[in-house]
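Understanding the architecture of this molecule
Single-letter residue listing:
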Amino acid sequence: MNESVSSILYSGNAWYIEELYEAYLEDPRSVSDSWQHYFKTLQLADPSAHQDTPHSPIRKAYYEAARRKRHAAPVISIGPDAAAHQKQVAVLQLINAYRFRGHRQADLDPLKQYERPSVPELDPAYHEITEADMDTAFNTGSLHAEDEIPLHEILAIIQTTYCRSIGVEYMHINETEIKRWIQQRLESCRATPSFEKHQKIRILERIIAANALEEYLHTKYVGQKRFSLEGAESLNPMLDVLIQSGGIAGIKEIVIGMAHRGRLNVLVNVIGKNPSELFDEFEGKNVRDVGSGDVKYHLGYSSDIETPGGNVHLTLSFNPSHLEIISPVVEGSVRARQERRKDFARNQVLPVLIHGDAAFAGQGVVMETLNLSQTRGYATGGTIHIIINNQIGFTTSDPLDSRSTLYCTDVAKMVQSPIFHVNGDDPEAVAFVAQLALDYRMEFNKDVVIDMVCYRKHGHSETDEPSATQPIMYQHIRQHPGVRSLYSDKLITGGLLDDEEVDEIADNYVASLDDNKRVSSKHAQNIDTEFHIDFSPYVDTDWDVPADTSINKETVQQLAEKITQLPDDYQLHKSVQRIINNRAKMGKGELPMDWGFAETMAYASLLESGYPVRISGQDSSRGTFFHRHAVIHNQNNGETWLPLQHLSENQANFLVINSTLSEEAVLAYEYGYSCSEPESLVIWEAQFGDFANGAQVVFDQFISSCEAKWGRYCGLVCMLPHGYDGQGPEHSSARLERFLQLCAEENMQVCVPSTAAQMFHMLRRQMLRPYRKPLIIMSPKSLLRNKLSASPVEELTQGKFQTVIGEVDQIEPTAVTRLLFCAGKVYYDLLEGRRDKKIENIAIARIEQLFPFPKNEVRSVIETYPNLKEVVWVQEEPKNQGSWYYLQSRGTLIGCIDDHHIMGYAGRFYSASPAVGYMSKHLQQQRQLVADALHLDKLEVTHRRSVIRT
Ligand SMILES: Cc1ncc(C[n+]2csc(CCOP(=O)(O)OP(=O)(O)O)c2C)c(N)n1
């Protein structure tokens, strides 16, 4: 191979070579001899090269479509002179090098702390181009210039485009069409915006407002934390572009997620919170009458803003301090809003996520959220990510410490996102990039990143001293005039405004703050409430508000038929066929109904009543334990069928999703979804309950506390498979104790259903009651196949969810001296043990809802037994886990027993690990705890007895 050809065959040039190859295939003479020779040998050497070339019909169609869309770029023409051709190739390589790596030499840092790195490929000499070539005219390829211009002009164009205030990474994108689109947008204007006077003044106004608010708060509330935006004021004009241009592009709602930095500023200056509300919060007044409340920089807000394209509803999500966890929450909320609007193109509701540089690079949930972005169950049509890259995370500013990547944004390349780095000191470039990112998102429905490089004027908060750890950086910052002054000067020098006019903008703004006037863009007057989320039916309702969850016999039969009907010629796997056959029998009452049937019937009946159902989790469509089969696979051709989508014409939407292998982002997403859609049954299912620990932050910071902190309601259901089957430490416990510890103030429900019918009624109750609180279910595993837990089909037509199930056998109440309470599958071990040994003085009751604790029901069970001496809690979990500690707290079991009762415990002993790893040991422990509970002294005691009395 010719050396100069081989030297450019590095992967970065693949796109360029692809183009040459395409030209070669169309007309071999259109490329130079050396390339002809090379392509010929390539084809001879590797016949498979043909498979993925434009010869393949798919590729050909793709190229043709791309070519049609592309602007009229001339095909590279290479004349007969080989040396000239080589030079031309070198020039094209140089142009391409700027597309790939120009960002490395872009002017991005307002603090100008570092020398811009030298990048060999950006040096003409690297491509064997000499000074003498500079005046020679070359073909520019597609640089939006005349066909042939002198090389020094080409160089000026590519440097202007790629190395000024905007540094672009986009050549990592696989799709040529997308690369071309970005290239066209950048190169056609040399990445140099030309705003009109009124647009520039609007940008300036937003910068002055951003800056003036911080100064106002600084003087009025001395020493109070506000996580100032100073140094990053260009964020506000950027958001202004997204909102105003978003409105023009047809966006109706924007949901914003952001952390602490600049949040107060965005709330007041962008979303339009009344300044007086913020001032009240600074003064510590309890302005929002919600439970325990939250600090001001975590609060959300909504408003409607006028744009030339109509009103845009803005929502800033409530979020905790835990960095980045708001990202999937926003995505879930956006998806719910899109579905409410039937916005299946996903172009009416836009997610905007504002990140810190350290958090974006450091928090794993960022990657998990990006991984959701193009999946069927989670896509939101593309998110605009904005990084407030102040080049520091608390005290960590050295990239050697804060990340392993060149840029803080590199993780976004995993979804082929283009990345626009932009200097925050150039607000026009910032506004240009915002428009470009928005257009990109609307065109391709994919994620896009704006990395606004800026600085942080003060410490992490205003009470923090930054120069102790960043002395040099803060020397630069102290000398920096600030973007407000830089941009004012620019407009004054350009003759657009004079000093007085600039001062007037600032004075008017401060006067508005003094007068408590709204300072954001114009608020909309005629607000369309059609798509507003209405939680009013659920305010101040109680968990025990009655709900008729039964369905009549005809409905049972009709639904059972529908969920077992399949299209003709549908070949099922034989195990699935058996399950479907059994479901048909269950519907007719010929078989007791199992959990899979009962659950499916709950969904079917809710769908028929107009409640959409959305279930997500790992392998949820089949069910980890092979019990659900919400998606049926045709064994002949792989087609799928979802019976629950074929109930009737007017049914609500059913969606079941095999989620990505994430807990944190997926659970947060479902939380966000359910908070925005109270009329949908939203279920997240863990594969095994303990994997929910990867999402603990979501339980702690959102699910259990969103109402107390922010007054937000959420009806999310979490199914956490739980139960001791001898599968070892990692698959036994959903860590029930943690959920019970989080329970207070009726914040959520924790239930352990023990029969199929209970599952049915519990799921229906979740929607039919006017009550929206999270429901945590310790869901079954081996119990799914336990015949004793199956229910007669009549239980669907009568009854309701029972928070406590009392004794089911014929036990004479006066004979009972010991009452066992338990939850979940251990009940069946106790029942069998007692029946087996014909014990008559022990009654067994199940507490199916552990929180809110059903005191009255528990007490009435206790009162059934006049000669009762002992109330014993029986659990499979070790003593330091499960419910035992919780049940000793006031308001629970201990509060229900009388003075003359002894309260005892039968269960596993204290343990560091949730369960043992050996089946034999598990069985031995299980026998022992049942023996302890049933007082079977004959049983050999092989480990320390675990009955205690308090
Ligand atoms: C998960 C999590 N870890 C740690 C913190 C504490 N913390 C708050 S802000 C911050 C630095 C964030 O840096 P960056 O993302 O760059 O944003 P900046 O504050 O610089 O705007 C840290 C470590 C937190 N809030 N959440």
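Residues numbered from 1 in each chain as written. Predicted model: local features only at pLDDT ≥ 70, side-chain atom pairs only at ≥ 80, totals over all residues. Heavy atoms only, no water.

1. Considering the site of the ligand
Lining the immediate surroundings of the ligand are 15 residues, of which His260, Arg261, Asp357, Ala359 and Ile392 lie closest. A distance of 3.1 Å separates a nitrogen atom of the ligand from a polar backbone atom of leucine 323. One of the backbone N or O atoms of alanine 358 is found 3.0 Å from an oxygen atom in the ligand. In isolation the ligand offers 580 Å² of accessible surface; the protein chains occlude 77% of this area. Top element by residues in the shell around the ligand is helix α13 (residues 357-362). It accounts for three residues. For the shell around the ligand, a count of residues per class yields five nonpolar, eight polar and two charged. (Near = heavy atom within 4 Å. Polar contact = N/O pair within 3.5 Å; in protein donor to acceptor, adjacent residues only side chain to side chain. Areas by Shrake-Rupley, 256 points an atom, 1.4 Å probe, with all protein chains shown as cover. Helix = DSSP H or I, 4+ residues; strand = E, 2+ residues; numbered from the N terminus. Nonpolar A, V, L, I, M, F, W, Y, C, P; charged D, E, K, R; others polar.)

2. Considering empty space enclosed by the protein
Under the definition given, this model contains 10 cavities of 30 Å³ or more. Within this model, the largest cavity holds a volume of roughly 160 Å³. Along its surface, the largest cavity is lined by 20 residues, and His722, Val752, Ala823, Gly824 and Lys825 are the ones closest to its centre. Only β18 (775-779) and β23 (870-878) provide two or more residues apiece to the lining of the largest cavity. Per-element accounting of the lining of the largest cavity gives the leading share, five residues, to β23. Of the residues assigned to the lining of the largest cavity, the class counts are nine nonpolar, seven polar and four charged. (1 Å grid on protein atoms, 1.4 Å probe; cavity = no way out; pocket = protein on both sides within 12 Å on 5 of 7 lines; lining within 4 Å. Points joined across faces, edges and corners; volume = space filled by probe spheres on them.)

3. Quick look at the sheet that holds strand β16 (residues 717-721)
Taking strand neighbours across the sheet as the criterion, the seven strands line up as β14-β11-β15-β16-β18-β17-β22 in an open arrangement whose pairing is mixed. What marks the edges here is a single partner per strand, and that holds for β14 (654-658) and β22 (849-851). Across the sheet, the mean angle separating the axes of adjacent strands is 20 degrees when strand polarity is ignored. When strand β11 (residues 613-617) meets β14, the two strands line up parallel, connected through five bridges. Paired with arginine 614 across the bridge in β14 is leucine 655. Most of the contacts of helix α23 (residues 664-675) go to strand β15 (residues 681-685), to which it runs at about 170 degrees, and overall it touches β11, β15 and β16. (Pairing = 2+ DSSP bridges. Axes fitted to C-alpha atoms, helices over the stretch in contact; angles between N-to-C directions. Contact = heavy atoms within 4.5 Å.)

4. Notes on the packing of aromatic side chains
Per the counting criterion, the structure on display carries 21 aromatic pairs. Taking 6.2 Å as the distance between ring centres and 35 degrees as the angle between the ring planes, the aromatic pair formed by tyrosine 221 and phenylalanine 279 counts as tilted. Within this pair, whereas tyrosine 221 is found in the loop between α8 (197-220) and α9 (235-248), its partner phenylalanine 279 is found in helix α11 (residues 275-282), the two being separated by 58 residues in sequence. Residue classification places tyrosine 221 among the buried residues on the basis of a relative accessible area of 7%. Among the aromatic residues, those joined into a ring-pair cluster are Tyr216, Tyr221, Phe279 and Phe282. Sitting above the plane of the tyrosine 673 ring, arginine 614 keeps its charged end 4.7 Å from the centroid. The aromatic ring of tyrosine 827 is capped on one face by arginine 846, whose charged end is 3.6 Å from the ring centroid. (Phe/Tyr/Trp six-rings, centres within 6.5 Å; stacked < 30°, edge-to-face > 60°. Buried < 20%, exposed > 50% of the residue type's maximum accessible area, 1.4 Å probe, protein only. Lys NZ or Arg CZ within 6 Å of the ring centre and 35° of its normal.)

5. Some thoughts on the pattern of salt bridges
For the structure shown, the criterion picks out 36 salt bridges. Between aspartate 439 and arginine 185 there is a salt bridge, with its nearest N and O atoms 2.9 Å apart. Pair noted here: aspartate 439 is in helix α16 (residues 427-444) and arginine 185 is in helix α7 (residues 176-187), with a separation of 254 residues, a long-range link. On the accessibility criterion, aspartate 439 (21% relative accessible area) is partly exposed. Note that glutamate 205 and arginine 206 form a salt bridge whose closest N and O atoms lie 3.6 Å from each other. One network of salt bridges, with partners in common, ties together Arg202, Glu205, Arg206 and Asp240. (Salt bridge = Lys/Arg side-chain N within 4 Å of Asp/Glu carboxyl O.)

6. Notes on unusual backbone geometry
A cis amide bond, omega -10 degrees, links phenylalanine 851 with the succeeding residue proline 852. Structurally, the position occupied by proline 852 is in the loop between β22 and α30 (855-863). With phi around 60 degrees, aspartate 619 is a residue other than glycine that occupies positive phi space. Tracing the chain through its elements places aspartate 619 in the loop between β11 and β12 (632-633). Residues other than glycine seldom take positive phi values, yet glutamate 745 does so here, at roughly 50 degrees. Checked against the element boundaries, glutamate 745 lands in the loop between α26 (736-742) and β17 (749-751). Owing to a relative accessible area of 68%, glutamate 745 belongs among the exposed residues under this scheme.

7. Concerning the side chain of histidine 901
Secondary-structure assignment places histidine 901 in the loop between β23 and β24 (902-908). For histidine 901, a relative accessible area of 9% puts it in the buried group. Of note is the side chain of histidine 901, whose polar atom sits 2.9 Å from the backbone nitrogen of aspartate 898. Polar side-chain contacts of histidine 901 include one of 3.3 Å to the side chain of histidine 900. Excluding residues that lie within four positions of it along the chain, histidine 901 makes contacts with Ile862, Leu868, Lys869 and Val871.

8. Comments concerning the state of the cysteines
The final tally for this structure, using the stated rule, is zero disulfides. With no disulfide of its own, cysteine 714 lies closest to cysteine 675 among cysteine sulfurs, the gap being 4.1 Å. (Disulfide = S-S within 2.5 Å.)

9. Quick word on the layout of surface pockets
Of the volumes computed, that of the largest pocket is approximately 950 Å³. As for the largest pocket, its lining consists of 39 residues, of which Asp109, Tyr114, Gln391, Pro399 and Arg403 are closest to the centre. Of all the secondary-structure elements, those providing two or more residues to the lining of the largest pocket are α13, α15 (399-402), β10 (448-453) and α17 (471-479). The greatest single-element share of the lining of the largest pocket, amounting to four residues, is contributed by α17. Tallied by class, residues from the lining of the largest pocket come to 16 nonpolar, 13 polar and 10 charged.

10. Points about the packing of α9 against α16
At a closest axis distance of 8 Å, the pairing of α9 and α16 adopts a crossing angle of 40 degrees. Of the possible angle classes, the one that applies to α9 and α16 is oblique. The crossing of α9 and α16 is right-handed. Here Met238, Val241, Leu242, Ser245 and Gly246 of α9 lie close against α16, whose contacting residues are Val430, Ala431, Ala434, Gln435 and Leu438. Residue composition of the contact of α9 with α16, grouped by class: seven nonpolar, three polar and no charged. (Parallel < 35°, antiparallel > 145°, perpendicular 65-115°, else oblique. Left-handed = near helix turned anticlockwise from the far one by under 90°.)

11. A short note on the environment of alanine 361
Inspection of the secondary structure assignment puts alanine 361 in helix α13. Residues alanine 361 and alanine 412 lie 51 residues apart in sequence; the distance between their C-alpha atoms is 9.4 Å. Dropping the residues within four chain positions of it, alanine 361 is found in contact with Ser402, Arg403 and Cys408.

12. Side note on the environment of alanine 209
For alanine 209, the position within the fold is in helix α8. You can call alanine 209 buried: its relative accessible area is 8%. Linking alanine 209 and asparagine 269, residues 60 residues apart in sequence, is a C-alpha distance of 7.0 Å. Excluding anything up to four places from it in sequence, alanine 209 contacts Asn269 and Tyr509.

The analysis is restricted to geometry; functional conclusions fall outside its scope.
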